[in-house]
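Understanding the architecture of this molecule
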Amino acid sequence: MNTLRNIVTLMRPHQYVKNATILLPLFFSMEFLDIKLLVKSLMAVVAFSLSSSAIYILNDYFDIESDRLHPEKKNRPLAAGTVSLRIGFLLMLFLIVCGCGLMILISPEASIILGIYIILNIAYNVKLKHMAIVDMVVISTGFLLRLFVGSTVGSIPLSKWIVLMTFLLALFLAIGKRRSDVIIFEETGTKMRNVIGGYNLRFLDGAMMIMASVIIVAYILYTTSQEVIQRIHNDYIYLTTIWVILGLLRYLQIAFVDNNSGDPTQVALKDTFLHITILLWIGSFVWLLYL
């Protein structure tokens, strides 16, 4: 039982929430109630989740030594030794075959995008994660690729706004993650990643504030765009800006006051204020788009 639990932990299922990005094109195109497209998109989420779990195992393999020095990551199965490298490698191969195989069945075109995601992450582990700023851009690009998978599977054209907002928000969260690594370095003197030498708190704090400001301005432009208003036949979409601002302020509070922005997914899953804000944002769009 413990072995199975450790294997599941190694797959990081809590990170699957990121793959909900695949559903965004369907949701904002007002086709979410199309059962056929919804099932197809959900299958793509499963395929991407299996593949992303394989990538997380690959990440853990490359980071095994640095993870053992991290106050939290030292408990990851490969770093802690609760799952052997052999089992981890075999599981990674199994997941990548299942994920890619399923995506090919769903959409050969989407499987190409998934392949790009896998290649990009291999390059990230080998080289790109050691390059300051580039490492955060790669993480953000992963969210864009999820978005393009959803667009391809549902044959839904992507709005320039959803592409822009997804990248900006992903980059904002990636900066917060690096900020946490820098704090650990300043407190312990241990570099969790070699790339930390290219960052400091002053730079990352400034970058987070800039990105938060850009996100708010871009979102306001999106909600007041005549193109968007005409497409959804509703001119009250600008009201959803309230939830975006509150969510960003809460995340900045968590980062700057609590110094706890290490894993954005864990933060989002555990923080009640963010839960309420996200649900209100989603609920607002459900009301505006579907009711």
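The preceding data block contains the structure.
What this report covers is the structure whose coordinates are included nearby. (Residues numbered from 1 in each chain as written. Predicted model: local features only at pLDDT ≥ 70, side-chain atom pairs only at ≥ 80, totals over all residues. Heavy atoms only, no water.)

On to the overall build of the protein. Counting its regular elements, the protein contains 14 helices and 0 strands. Scaling as 2.2 N^0.38, a compact globule of 291 residues should have a C-alpha radius of gyration of about 19 Å, and the protein matches this with 19 Å. Considering only C-alpha atoms, the protein reaches an extent of 55 × 45 × 35 Å along its principal axes. Taken over 291 residues, the protein has a buried fraction of 47%. When contacts within the protein are restricted to residue pairs at least 6 apart in sequence, those whose partners lie at least 24 apart make up 71%. As displayed, the protein has an accessible area near 14400 Å², and 69% of this comes from carbon and sulfur atoms. (Helix = DSSP H or I, 4+ residues; strand = E, 2+ residues; numbered from the N terminus. Rg over C-alpha atoms; globule rule 2.2 N^0.38 Å. Buried < 20%, exposed > 50% of the residue type's maximum accessible area, 1.4 Å probe, protein only. Contact = heavy atoms within 4.5 Å. Areas by Shrake-Rupley, 256 points an atom, 1.4 Å probe, with all protein chains shown as cover.)

What follows deals with the side chain of Lys 18. As for its position among the elements, Lys 18 is in the loop between helix H1 (2-11) and helix H2 (24-28). Once residues lying within four places of it in the same chain are set aside, the contact partners of Lys 18 are Tyr 56, Phe 143, Arg 146 and Thr 265.

Note: α-helices contain 3.6 residues per turn, so residues at a spacing of three or four share the same orientation. With 19 residues, helix H7 (residues 108-126) extends 27 Å between its outermost C-alpha atoms, agreeing within 8% with the 27 Å of an ideal straight helix rising 1.5 Å per residue. When H7 is considered as a whole, its buried residues turn out to be Ala 110, Ser 111, Ile 113, Leu 114, Tyr 117, Ile 118, Asn 121, Tyr 124 and Asn 125. Buried residues of H7, seen end-on, are gathered within an arc of 160° and therefore sit on one face of the element. Along H7, the residues that are exposed and aim more than 90 degrees away from the buried face are Ile 112, Ile 119 and Val 126. Of the surrounding secondary structure, the elements contacted by the buried residues of H7 are helix H3 (35-62), helix H6 (85-106), helix H8 (134-154) and helix H9 (160-188). (Expected span 1.5 Å × (residues − 1). Arc of directions from axis to C-beta.)

Tracing the backbone shows Asp 271 in the loop between helix H13 (264-270) and helix H14 (272-290). A polar contact of 3.3 Å, which involves the side chain of Asp 271, links it to the backbone nitrogen of Phe 273. Among residues more than four places away in sequence, those in contact with Asp 271 are Arg 250 and Ile 254. (Polar contact = N/O pair within 3.5 Å; in protein donor to acceptor, adjacent residues only side chain to side chain.)

Take the environment of Ile 87 next. Looking at the element boundaries, Ile 87 is found in helix H6. Separated by 38 residues in the primary sequence, Ile 87 and Ser 49 have C-alpha atoms spaced 19 Å apart.

Before going further, it helps to spend a moment on the pattern of salt bridges. Pairing is possible between side chains that carry opposite charge, provided their charged atoms lie close to one another. On inspection of all chains with the given rule, the structure shows 10 salt bridges. A salt bridge links Lys 129 to Asp 63, with the nearest nitrogen and oxygen atoms 2.3 Å apart. Here the residue Lys 129 occupies a position in the loop between H7 and H8, and Asp 63 occupies one in the loop between H3 and helix H4 (64-67), the gap between them amounting to 66 residues. Assessed through its relative accessible area of 6%, Lys 129 is described here as buried. According to the relative accessible area criterion, Asp 63 is buried, its value standing at 10%. Across the pair Arg 68 and Glu 65 runs a salt bridge whose closest N-O atoms are separated by 3.2 Å. Salt bridges sharing partners connect three or more residues here, namely Arg 12, Asp 60, Asp 67 and Arg 76. (Salt bridge = Lys/Arg side-chain N within 4 Å of Asp/Glu carboxyl O.)

This next bit is on a nonpolar patch on the surface. A cluster of nonpolar side chains, Tyr 236, Tyr 238, Leu 239, Ile 242, Leu 246, Leu 249 and Phe 273, forms an exposed patch at the surface whose accessible area comes to about 660 Å². Examining the composition of the nonpolar patch, we find that 3 residues originate from one element, helix H12 (residues 241-256), more than from any other. Relative to the elements of secondary structure, Leu 249 occurs in helix H12. (Patch = residues over 30% accessible without salt bridge, like charges linked within 9 Å, V, L, I, M, F, W, Y side chains within 5 Å.)

Moving on, we come to H12. With 16 residues, H12 should cover 22 Å at 1.5 Å per step; its first-to-last C-alpha distance of 22 Å lies within 8% of that length. Buried residues of H12: Thr 241, Val 244, Gly 247, Leu 248, Arg 250, Tyr 251, Leu 252, Ile 254 and Ala 255, and no others.

Here we take up the nonpolar core. A general trend in soluble globular proteins is that nonpolar side chains are found buried together. Counting residues in each nonpolar core, the largest one holds 39 residues, and the members touching the most others are Phe 172, Ile 175, Tyr 222 and Phe 285. Among the elements of the structure, H2, H8, H9, helix H10 (201-223), helix H11 (226-232), H12 and H14 are those that each provide at least two residues to this core. Val 83, Met 92, Leu 95 and Val 153 belong to the second-largest nonpolar core, a separate cluster that totals 29 residues. (Core = buried A, V, L, I, M, F, W, Y, C linked by side-chain atoms within 4.5 Å.)

Between H3 and H6, the shortest axis-to-axis distance is 8 Å and the interhelical angle comes to 155°. With respect to H6, the axis of H3 lies roughly antiparallel. Relative to H6, the crossing made by H3 is left-handed. Taken together, the residues of the contact of H3 with H6 sort by class into 20 nonpolar, 4 polar and 1 charged. (Axes fitted to C-alpha atoms, helices over the stretch in contact; angles between N-to-C directions. Parallel < 35°, antiparallel > 145°, perpendicular 65-115°, else oblique. Left-handed = near helix turned anticlockwise from the far one by under 90°. Nonpolar A, V, L, I, M, F, W, Y, C, P; charged D, E, K, R; others polar.)

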